[in-house]
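# Structural overview for review
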Amino acid sequence: MTTDADLMALIGPQFHALADALEHAGPAILDGPSLCAGWSAGNVLAHVTMAARYDQESFGRELASAGFDFETLSQTIAARDAQLPFASLLGDLRSETMATWTPPGGGAIGALTHVVIHGLDITAANDLPRTATDAATTAVLEALTTGGVSEAFGRDARAQRLRATDLDFSFGEGDGPVLEATAADFILALSGRDRPGLAVPRVDQPGAQDA
């Protein structure tokens, strides 16, 4: 059984691995595309590392300035902080803050899905390999399927039979066809990102998000 402690131990290495891959790609990656609509890779990176730059007090001020609208806040910070020096953003990825951060109400799995999904938003859009380990990737897939997290993204995994082609993961029962794809593509499809050949049914879920 995977515990919160197990999940917390996975978080920091995923941030570090993403930082290493982006450092190798170079600063030009910031102007590259992402799978988040309207956002560059730099916007996503700024969003992913927001907690490293804003403590509770400064975050509260930013939220108040945005009229207590978190979507407005996210858009503002993503656009503004994407202009920070590349080395500074990489430093934020590698910070102890991000390795120990958990989103309000989201716990360890919320932090892990945050870095794994948004990491894929950058790497998949720029033809880079997935940076998350198999253990972290499997944990996120389990959260999206058996944990029901896909519904938060407006996607319903329950009617699917899935089998990853690049790690030991399968989901679903019954006599229907088995859909095969890479673990990265399953994560992206289950979190609302369009992937060729992967159509995950939508659900009506209050507050569902696509990014």
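The structure we're discussing is the one just above.
Note that this is a predicted model, so its numbers are computed, not measured. (Residues numbered from 1 in each chain as written. Predicted model: local features only at pLDDT ≥ 70, side-chain atom pairs only at ≥ 80, totals over all residues. Heavy atoms only, no water.)

### Remarks on the overall build of the chain
Secondary structure summary: the chain contains ten helices and three strands in total. For 211 residues, the compact-globule estimate of 2.2 N^0.38 gives 17 Å, and the chain sits close to it at 17 Å. Along the first, second and third principal axes, the C-alpha atoms of the chain reach 50 × 40 × 35 Å. A separation of at least 24 residues holds for 64% of the contacts in the chain among residues at least 6 apart in sequence. Here the chain has roughly 10,300 Å² of accessible surface; of this, 52% comes from carbon and sulfur atoms. Computed over 12 positive and 28 negative side-chain charges, the separation of the two mean positions in the chain equals 3 Å. (Helix = DSSP H or I, 4+ residues; strand = E, 2+ residues; numbered from the N terminus. Rg over C-alpha atoms; globule rule 2.2 N^0.38 Å. Contact = heavy atoms within 4.5 Å. Areas by Shrake-Rupley, 256 points an atom, 1.4 Å probe, with all protein chains shown as cover. Lys, Arg positive; Asp, Glu negative; His and termini not counted. Charge placed at Lys NZ, Arg CZ, Asp CG, Glu CD.)

### Remarks on the sheet that holds strand S3 (residues 179-181)
Read across the sheet, three strands follow the order S2-S1-S3 without closing on themselves; strand pairing throughout is mixed. The open sheet has two free edges, formed respectively by strand S2 (170-171) and S3, since each of these has just one partner strand. Bridge analysis of strand S1 (residues 162-164) against S3 gives three bridges, and the strand direction is parallel. Within the sheet, the bridge partner assigned to Arg-163 lies in S3 and is Glu-180. (Pairing = 2+ DSSP bridges.)

### Focus: the packing of aromatic side chains
Under the defined criterion, the tally for this structure stands at one aromatic pair. Here Phe-59 and Phe-70 contribute two aromatic rings whose centre-to-centre distance is 6.4 Å and whose plane-to-plane angle is 45°, an arrangement assigned as tilted. Note that Phe-59 is positioned in helix H4 (residues 56-65) and Phe-70 in helix H5 (residues 70-81), a separation of eleven residues in sequence. (Phe/Tyr/Trp six-rings, centres within 6.5 Å; stacked < 30°, edge-to-face > 60°.)

### Some details on helix H10 (residues 183-190)
Because the α-helix completes a turn every 3.6 residues, residues three or four places apart line up on one side. In terms of burial, H10 is largely enclosed, as seven of its eight residues are buried. Of the residues making up H10, those classed as buried are Ala-183, Ala-184, Phe-186, Ile-187, Leu-188, Ala-189 and Leu-190. Considering only its buried residues, H10 is in contact with helix H8 (107-123), helix H9 (134-144), S1 and S3. Residue Gly-192 follows H10 closely and has a positive phi angle near 90°. (Buried < 20%, exposed > 50% of the residue type's maximum accessible area, 1.4 Å probe, protein only.)

### Description of the packing of H4 against H5
Where H4 contacts H5, the axes come no closer than 8 Å and their chain directions differ by 110°. When the axis of H4 is compared with that of H5, the two are roughly perpendicular. Residue-level inspection shows Phe-59, Glu-62 and Leu-63 of H4 in contact with H5, the latter providing Phe-70, Leu-73, Ile-77 and Arg-80. For the contact of H4 with H5, a count of residues per class yields five nonpolar, no polar and two charged. (Axes fitted to C-alpha atoms, helices over the stretch in contact; angles between N-to-C directions. Parallel < 35°, antiparallel > 145°, perpendicular 65-115°, else oblique. Nonpolar A, V, L, I, M, F, W, Y, C, P; charged D, E, K, R; others polar.)

### Here we look at helix H2 (residues 41-48)
Counting buried residues along H2, eight of its eight residues qualify, which places the element largely inside the surrounding structure. Those residues of H2 lying buried are Ala-41, Gly-42, Asn-43, Val-44, Leu-45, Ala-46, His-47 and Val-48. Tucked into the core, H2 has its buried residues touching helix H1 (4-25), helix H3 (50-53), H5, helix H6 (86-93), helix H7 (96-100) and H8.

### Here we look at the packing of H8 against H10
Contact pair H8 / H10: the axes reach a minimum separation of 10 Å and the direction vectors enclose 105°. Relative to H10, H8 is oriented roughly perpendicular. Between H8 and H10, the residues in contact are Val-116, Ile-117, Leu-120 and Asp-121 and Ala-184, Ile-187 and Leu-188, respectively.

### Some remarks on the nonpolar core
Residues Leu-22, Leu-93, Leu-112, Val-116, Leu-141 and Ile-187 are the most contacted members of the largest nonpolar core, which totals 52 residues. Only H1, H2, H6, H8, H9, S1 and H10 provide two or more residues apiece to this core. Per element, the largest residue contribution to this core is eight residues, and it comes from H8. For Leu-93, the contacting residues outside a window of four places in its chain are Phe-15, His-16, Leu-18, Ala-19, Leu-22, Leu-45, Val-48, Thr-49 and Met-98. Core analysis: the next-biggest nonpolar cluster, separate from the first, contains six residues, Tyr-54, Leu-63, Leu-73 and Ile-77 among them. (Core = buried A, V, L, I, M, F, W, Y, C linked by side-chain atoms within 4.5 Å.)

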